[in-house]
Amino acid sequence: MENEYQILESAIKKAGRRAQIIRQSGLSVTVKGRQDFVSEADVSVENELKEVIHALFPEDGFLGEESGLVLGTVTKKSGVWVIDPIDGTTNYLQGMDYWCISVAYVINDVIQLGFVYAPDRDEFFFAQRGKGAYLNGASLTIQEPEKGQAIIGVGRSNRRPLQAYFDLLVVLDTNNVEHRRFGAGALMLAHVASGLVHGYFESHLNSWDALAGLLLIEEAGGRVPNFLENDGLLNGNPVWAASSQLWLDLNYVLN
């Protein structure tokens, strides 16, 4: 699949550059819900990537944040490409650098490939099951934080009660764990794999936000949930993913 990988990497980077150009030239923005926006760049990037992937893998299906589920040909070899064209849309619209494109490939409820690309930060993450995780070509291995020095990323899901988020912050403070909230779950998961933070928790994530980053963490040696159980592909699930010991230390209080 080396040739296909090169085409996919090129397509994802090209889509990221297109998103940057669209932002510079002015944006058309639609409000989907409270603090939930979709820009013309979201739609353009998703359509561009779907077109490239369909040309490479015509039997496969798609699940895109903006366009929903499109089933592929029913064969034993066909899978589903899960795309978040711009994760962290609010950051993107505000001109911040903390946003990304996330692409994952799932077959038989197992994540096989994950790509996370943060154009403004020039960070291209890639993972393949059984073959490791990489940032700009360099292999990633998760290191455990020193005791009392853990920092985890957190997300706030509007699909869960606000009180649950407040309770989470109390739990972290009680356990002497620092937290950061940057507003792009896919990129924060990738940054667990690269060591910028040591874990990530959110009470509910959609699959297009979660899958690529979870494979990155797993392939870098961390612990992740079985996100695809209970139809997580379509319904989403909670996420607690971290370096192995930190995951064990906090799993009982976060679940």
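Our structure's up above, just so we're on the same page.
Here goes a summary of the coordinates provided.

Quick notes on the rules
- All residue numbers refer to positions counted from 1 along the written sequence of the respective chain.
- Residue-level local features of this predicted model are given only where pLDDT is at least 70; pairs of side-chain atoms are given and counted only at 80 or more, and the full residue set underlies all totals for whole chains, interfaces and linings.
- As a rule here, side-chain values cover all heavy atoms of the structure and leave hydrogens and water aside.
- Two strands qualify as a pair provided DSSP detects at least 2 bridges between them.
- Helix and strand assignments come from DSSP, with helices taken as H or I runs of at least 4 residues and strands as E runs of at least 2, each series counted from the N terminus.
- Fitted lines through C-alpha atoms give the axes, limited to the stretch in contact for helices. The angle between two N-to-C directions lies from 0 to 180 degrees.
- Contact between two residues is taken to exist if any of their heavy atoms lie within 4.5 Å; hydrogens are not considered.
- When the centres of two rings from Phe, Tyr and Trp lie within 6.5 Å, Trp using its six-membered ring, the rings pair. Their planes under 30 degrees apart give stacked, over 60 give edge-to-face, and anything left gives tilted.
- The classification of residues rests on relative accessible area computed with a 1.4 Å probe and restricted to protein chains. Under 20% of the type maximum is buried, over 50% is exposed, and intermediate values are partly exposed.
- Throughout this description, the term charge over a ring refers to an Arg CZ or Lys NZ atom that lies within 6 Å of the ring centre and within 35 degrees of the ring normal.

Attention shifts here to the sheet that holds strand E14 (residues 237–242). In spatial order, the strands read E12-E11-E13-E14; together these four strands make up an open sheet with mixed pairing. The sheet is open, and its two borders are formed by strand E12 (178–180) and E14, each paired with just one other strand. Sheet twist, expressed as the mean angle between neighbouring strand axes with direction ignored, is 20°. Here helix H4 (residues 162–174) sits on the sheet in contact with strand E11 (151–154), E12 and strand E13 (199–205), set at roughly 180° to E11. Sheet contacts for helix H6 (residues 207–219): E13 and E14; angle to E14, the most-contacted strand, approximately 25°.

Summed over the entire model, instances satisfying the criterion amount to 10 aromatic pairs. Ring plane angle 70° and centroid distance 4.8 Å describe the contact between Tyr 92 and Trp 99, whose orientation is recorded as edge-to-face. Classification of Trp 99 as buried rests on a relative accessible area of 0%. One aromatic cluster in this structure is built from Tyr 5, Phe 115, Tyr 117, Phe 124 and Phe 126. Directly above the aromatic system of Phe 124 lies the positively charged group of Lys 13, at a separation of 5.0 Å from the ring centroid. The ring of Phe 62 carries Lys 50 above its face, with NZ or CZ at 5.8 Å from the centroid.

Moving on: the pairing of E14. Burial analysis of E14 places five of its six residues in the buried class, which makes it a mostly covered element. In the sheet, E13 pairs with E14 via five bridges, with the strands oriented antiparallel. If you follow Leu 205 over to E14, its bridge partner there is Asn 237.

Next up on the list: unusual backbone geometry. With a phi close to 55°, Asn 108 is a non-glycine residue in the positive phi region. For Asn 108, the position within the fold is in the loop between strand E6 (100–107) and strand E7 (110–118). Residue Asp 122 is not a glycine yet carries a positive backbone phi of 55°. With respect to the helices, strands and loops of the structure, Asp 122 is situated in the loop between E7 and strand E8 (123–128).

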